[in-house]
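Residue-level structure breakdown
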Amino acid sequence: TSILCAAAITCSAGAANVSNFSDVRPSDWYHDAVNYVCENGLMNGTSDTAFSPNATTSRGMIVTILYRLAGSPDMPESNWGYPYADVDTNAYYSAPVYWARMNDLVTGYSDTQFGPNDAITREQLTAILYRYAQLSGKDTEKTADLSGYTDSVTISTWAPQALKWAVGSGLISGTGANTLSPRGTATRAQIAVILQNYCK
C-alpha cells in the first residue's frame, strides 16, 4: 500500500515540502498529515508557498488519487461505456472517472453528468473510500455508533455504512464536539488527514 500511495499525486502544482507552506504551521492539527501526503507524492501545494488547507477538493481529484493508488490500470476507451457530457476526454481525471464508474466506486448524478469539478462532500468521500477498500481487499468490518452525533439524521440513505466504517476505522472524526457534517465539503486539510490514515 505504501508503494502505491507514493505513486499517487493530485493535479495541483507547486512545492511538495511542507516547510515551504506559509499556511501550514507545526501547531496545526493537519501539519503531520500534510507533511505525509507531500512526502509520499499524494498531494502538492496550490503554489510554491501555499497548501490551501481550507480549500475544497473536487470529485475529479479524489477519483484520480484512487486511480493512481490502484496503479493507474489500463483503460481502453472502448470499455468506457456511455460518456459524461461534463467529462472532457482530455482532462486529467477522464480515465479515473470512468475507471471509478466501472469498478462501482462512484456514479454520476445522472447518465450524462458526473460533476468532476464539484466539491466532494464528506459522506461522498467516505462512500468512495469504503468501496475502494472493498475493491482492494481491505478489512471493512469495523464500525462505529453514529447516534452520538447530533447531525447523524442528515446522513444520506446510501452513506451510513461507509461513515460507520470510516469513523470506526479512525479515518475520520467529528467536525465538532457532537457533529459529523456528512454533507459538508471536505477540505484539503481533511483529505490529507484521511489519506494519511488510510495509507497507514
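Here the structure is a predicted model, which is why all the values come from computation and not from measurement.

Definitions and cut-offs
- Residues numbered from 1 in each chain as written.
- Predicted model: local features only at pLDDT ≥ 70, side-chain atom pairs only at ≥ 80, totals over all residues.
- Heavy atoms only, no water.
- Helix = DSSP H or I, 4+ residues; strand = E, 2+ residues; numbered from the N terminus.
- Buried < 20%, exposed > 50% of the residue type's maximum accessible area, 1.4 Å probe, protein only.
- Polar contact = N/O pair within 3.5 Å; in protein donor to acceptor, adjacent residues only side chain to side chain.
- Axes fitted to C-alpha atoms, helices over the stretch in contact; angles between N-to-C directions.
- Parallel < 35°, antiparallel > 145°, perpendicular 65-115°, else oblique.
- Left-handed = near helix turned anticlockwise from the far one by under 90°.
- Contact = heavy atoms within 4.5 Å.
- Nonpolar A, V, L, I, M, F, W, Y, C, P; charged D, E, K, R; others polar.
- Phe/Tyr/Trp six-rings, centres within 6.5 Å; stacked < 30°, edge-to-face > 60°.

To continue, consider the side chain of D28. Within the element layout of this structure, D28 appears in the loop between α1 (2-7) and α2 (31-39). A relative accessible area of 11% places D28 in the buried class. In this structure the side chain of D28 is engaged in a polar contact, spanning 2.7 Å, whose partner is the backbone nitrogen of R25.

Helix-helix packing is described using two parameters, namely the angle between the two axes and the distance between the axes. One can describe the packing of helix α3 (residues 59-69) onto helix α5 (residues 122-135) by two numbers: an axis separation of 11 Å at closest approach and a directional angle of 15°. Considering their axes alone, α3 and α5 lie roughly parallel with respect to each other. The handedness of the crossing between α3 and α5 is right-handed. Each of R59, I62, L66 and L69 in α3 lies in contact with α5, whose residues at this interface are Q124, L125, I128, L129 and Y132. Residues belonging to the contact of α3 with α5 are distributed by class as follows: seven nonpolar, one polar and one charged.

What follows is about the environment of S110. With respect to the element layout, S110 can be found in the loop between α4 (94-102) and α5. Once the C-alpha coordinates of S110 and S181 are considered, the two residues, 71 residues apart in sequence, prove to be 25 Å apart. Of the polar contacts made by the side chain of S110, one reaches the backbone nitrogen of Q113; its length is 3.2 Å.

Turning to the side chain of T140, a few remarks are in order. Note that T140 resides in the loop between α5 and α6 (160-168). With near-sequence residues (within four places) excluded, T140 lies in contact with Y130, A133, Q134 and W165.

It is worth spelling out the packing of aromatic side chains at this point. Taken as a whole and judged by the stated rule, the model has eleven aromatic pairs. Both rings, one in W29 and one in Y30, keep their centres 5.0 Å apart while their planes meet at 85°; by these two values the pair is edge-to-face. Note on W29: relative accessible area 58%, which makes it exposed. Taking 4.9 Å as the distance between ring centres and 20° as the angle between the ring planes, the aromatic pair formed by W80 and Y98 counts as stacked. On the criterion of sequence distance, the pair formed by W80 in the loop between α3 and α4 and Y98 in helix α4 is long-range, its members being 18 residues apart. For the pair W80 and Y98, a shared accessibility class is recorded, and that class is buried. An aromatic cluster is built from W80, Y82, Y84, Y98 and F114, whose rings are joined through pairwise contacts.

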